[in-house]
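# Structural overview
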Amino acid sequence: ADVRLQLYVRLARIDDESALDTFVEELADRFGPLPDAAGALIAEARLTLLARAAGIARIEAGPAAIALTPHASFQGNAARAGLIEKDGRLLLKEAVAPEDRAERLEALLGAL
């Protein structure tokens, strides 16, 4: 459990994608193929990094839409990413299957 906790702490401190990629490679070298739960955790960490870089404070993804709440300092181009602004949030009104949401979010955040 000590090793697991140390790895969680290291993951939480990662602040850029290249460091995350290095961490994932290290995990694979040490433990072999990552289980699905670990892969999901890494995917969430990647989205967090992308959101931070894009100026997004919060992400809400449901079956009918994706809502992004920008930081006050947000400078991205919501329209270019296909998002509409409403009530201080950026909305993508598009049904996205749960298994495709992470990939769709990566594309959205990259477009901002």
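Treat the numbers as computed from the prediction; the structure is a model and nothing was measured.

### Regarding a nonpolar patch on the surface
Together, Leu5, Tyr8, Val9 and Leu41 line one region of the surface with nonpolar side chains, adding up to about 330 Å² of accessible area. By the secondary structure assignment, Leu41 is in helix α3 (residues 36-54). Taking relative accessible area as the criterion, Leu41 reaches 32% and is therefore assigned partly exposed.

### Here's the deal with the sheet that holds strand β2 (residues 66-70)
The four strands lie next to each other as β1-β2-β4-β3, forming an open sheet whose pairing is antiparallel. If you trace the sheet from one side to the other, it starts and ends with β1 (56-61) and β3 (84-86), each paired once. Ignoring strand direction, the axes of neighbouring strands in this sheet form an average angle of 25°. Note that β1 and β2 share five bridges and pair antiparallel. Paired with Arg58 across the two strands is Thr69, which belongs to β2.

### A few points about the nonpolar core
Side chains of a nonpolar character, in soluble globular proteins, are inclined to be buried together. Among the nonpolar cores identified, the biggest contains 18 residues, and Ile56, Ile66, Leu68, Leu83, Leu90, Leu109 and Leu112 are the most heavily contacted of them. The set of elements that each furnish at least two residues to this core consists of α3, β2, β4 (89-92) and α4 (101-111). With four residues, the single largest contributor to this core is α3. Non-local contacts of Leu90, meaning those with residues more than four positions away in its chain, are made with Ile56, Ile66, Ala67, Leu68, Pro70, Phe74, Ala78, Leu83, Ile84 and Glu85. Of all hydrophobic cores here, the second largest spans nine residues; its members include Leu7, Ile14, Phe23 and Ile42.

### Some remarks on the pattern of salt bridges
Pairing between side chains becomes possible if they bear opposite charge and their charged atoms approach one another. Tallied over the full model, the rule gives seven salt bridges. Asp21 is paired through a salt bridge with Arg46; the nearest N and O atoms lie 3.0 Å apart. Of this pair, Asp21 sits in helix α2 (residues 17-31) while Arg46 sits in helix α3, and the two are 25 residues apart along the sequence. Classification of Arg46 by relative accessible area gives buried; the value is 16%. Arg30 serves as the salt-bridge partner of Glu26, at 3.5 Å between the closest nitrogen and oxygen. With Glu26 and Arg30 both in helix α2 and four residues apart, the pair spans about one turn of that helix.

About the thresholds
- Residues numbered from 1 in each chain as written.
- Predicted model: local features only at pLDDT ≥ 70, side-chain atom pairs only at ≥ 80, totals over all residues.
- Heavy atoms only, no water.
- Patch = residues over 30% accessible without salt bridge, like charges linked within 9 Å, V, L, I, M, F, W, Y side chains within 5 Å.
- Areas by Shrake-Rupley, 256 points an atom, 1.4 Å probe, with all protein chains shown as cover.
- Salt bridge = Lys/Arg side-chain N within 4 Å of Asp/Glu carboxyl O.
- Helix = DSSP H or I, 4+ residues; strand = E, 2+ residues; numbered from the N terminus.
- Buried < 20%, exposed > 50% of the residue type's maximum accessible area, 1.4 Å probe, protein only.
- Pairing = 2+ DSSP bridges.
- Axes fitted to C-alpha atoms, helices over the stretch in contact; angles between N-to-C directions.
- Core = buried A, V, L, I, M, F, W, Y, C linked by side-chain atoms within 4.5 Å.
- Contact = heavy atoms within 4.5 Å.

Purely spatial values, then, with no claim about function.
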